[in-house]
Amino acid sequence: MPTATDTLLRYRPWRGVPLGPSAATLAIARVSLLLLLRRRLFWGLFALAGLVFFFFFYGQYLVTWIPSQFAGGTVRIAAIPVSVEALTKFLDRLALTGTNPHLFGNFVWFEGYVLVIALALAGSVIVGNDFAHGSLPFYLSKPIGRWHYVAGKCLAIGAVVNLLTTLPALVLFVEAGLLLDWTTYFVDYFDLLLGILGYGLVLSVTLSLLLMATAVWLRKTVPLAMVWMGLFVFLRLMAGWLVDGLKADERWRLLDLWNDLYLCGLWCLGAEYDTIRPQPQPSFGEAALVVAGVCGACWLYLRRRIQAVEVVA
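The notes below deal with the structure included here.

About the thresholds
- Residues numbered from 1 in each chain as written.
- Predicted model: local features only at pLDDT ≥ 70, side-chain atom pairs only at ≥ 80, totals over all residues.
- Heavy atoms only, no water.
- Helix = DSSP H or I, 4+ residues; strand = E, 2+ residues; numbered from the N terminus.
- Buried < 20%, exposed > 50% of the residue type's maximum accessible area, 1.4 Å probe, protein only.
- Contact = heavy atoms within 4.5 Å.
- Salt bridge = Lys/Arg side-chain N within 4 Å of Asp/Glu carboxyl O.
- Disulfide = S-S within 2.5 Å.
- Expected span 1.5 Å × (residues − 1).
- Arc of directions from axis to C-beta.
- Patch = residues over 30% accessible without salt bridge, like charges linked within 9 Å, V, L, I, M, F, W, Y side chains within 5 Å.
- Areas by Shrake-Rupley, 256 points an atom, 1.4 Å probe, with all protein chains shown as cover.

### Examining the overall build of the protein
Helix and strand content of the protein: 13 helices and 2 strands. Out of the 313 residues in the protein, the part that is buried amounts to 41%. Contacts in the protein between residues at least 24 apart in sequence constitute 73% of all its contacts with a sequence separation of at least 6.

Written out as structure tokens, the structure reads:
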């Protein structure tokens, strides 16, 4: 007679509907995001990114509301009277009007300071721990391909990128349409919507591949954070010192990867080259070549390292 213990130990077959290896990509991305969302530091960085968003959100509102309410008059800021004309000129420098592509470019630029720190945390949690704790052979022992694993991790990193940049930029776009004239704005400036989505795609692909390659190389949190910050801080300082300080050729600014992504994003948004600050800047095409080269190098490195992992079924 079978006992209760025998019943508990009996094999229970899978009764669901098999979805194939492609569904594993979404499962890996979902699990990776859940691991990241459990970190309190990530929520602190998300709150900091929210402060940047609200600055642009209410700034765009003030640009539309102040001239309509105080035309030709003055407003008091911290008990100091300021003319509406002077305040409007100051706000115009920040490109806070929804018809200006630099609004969305500047927003992503400032969000980048928080995004870089958040991705340093995400790289160690989402990717580095799989190599440090030996989880990668477990994934690859399942009936999935190696690139299903890479695609799932890149989807998780891309979700973080879009959560902090693309999604808030879309909210700013909708706000601009409601403040100006929603009956014509969304049609006349539909190219800005496509530019925001294109900018988000460029950021997602580039940063996810770069972060995957860096995390696979270093694995540990502290070295990863140091190298990651060096890529976006040290190289920016070096590029600025060469171009602005020593008056070297503007192509030296291509060392600044975030500036290259910024130029690609402005091209997607349809911004004029002469309106880019600071000047001088390399061309849009040169920045795109650098971004494509970084993506290609990261792809080749990941291909080599992932294929080198031994899997025992």
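So that's the structure; there's more coming.
### Quick word on the pattern of salt bridges
In this structure the tally under the stated criterion is 4 salt bridges. One salt bridge in this structure joins Arg253 and Asp244, with 2.8 Å as the shortest N-O distance. With a shortest N-O distance of 2.7 Å, Glu286 and Arg251 are connected by a salt bridge. Here Glu286 is found in helix α13 (residues 284-307), whereas its partner Arg251 is found in the loop between α11 (221-245) and α12 (257-269), with 35 residues between them in sequence. Connected through shared salt-bridge partners, Asp249, Arg251 and Glu286 make up one network.

### So, the state of the cysteines
Under the defined criterion, the tally for this structure stands at 0 disulfides. The thiol of Cys154 is unpaired, and the distance to the nearest cysteine sulfur, on Cys298, comes to 9.7 Å. Taking the relative accessible area as the measure of exposure, Cys154 reaches 15% and is therefore buried. The closest cysteine sulfur to the non-disulfide-bonded Cys295 is located on Cys298, 6.8 Å from its own sulfur.

### Quick word on helix α2 (residues 22-37)
Taking 1.5 Å as the rise per residue, α2 with 16 residues should run 22 Å; its terminal C-alpha atoms sit 24 Å apart, in good agreement. Burial in α2 covers these residues: Ala24, Thr25, Ile28, Ala29, Ser32 and Leu36. One side of α2 carries all its buried residues, which in axial view fall inside an arc of 140°.

### Quick look at unusual backbone geometry
The amide bond that connects Arg277 to the next residue, Pro278, takes the cis arrangement and shows omega of 0°. Secondary-structure assignment places Pro278 in the loop between α12 and α13. For the peptide bond that leads from Gln279 to Pro280, omega is 0°, which places it in the cis range. Positive phi is not limited to glycine here, since Lys247 has a value of about 55°. Locating Lys247 in the fold gives a position in the loop between α11 and α12.

### Focus: a nonpolar patch on the surface
A contiguous nonpolar patch, built from Leu34, Leu37, Trp43, Phe46, Leu163 and Leu167 and spanning about 520 Å² of accessible area, is present on the exposed surface. Of all the secondary-structure elements, those providing two or more residues to the nonpolar patch are α2 and α3 (40-69). Structurally, the position occupied by Phe46 is in helix α3.

Just geometry here; none of it tells us what the structure is for.
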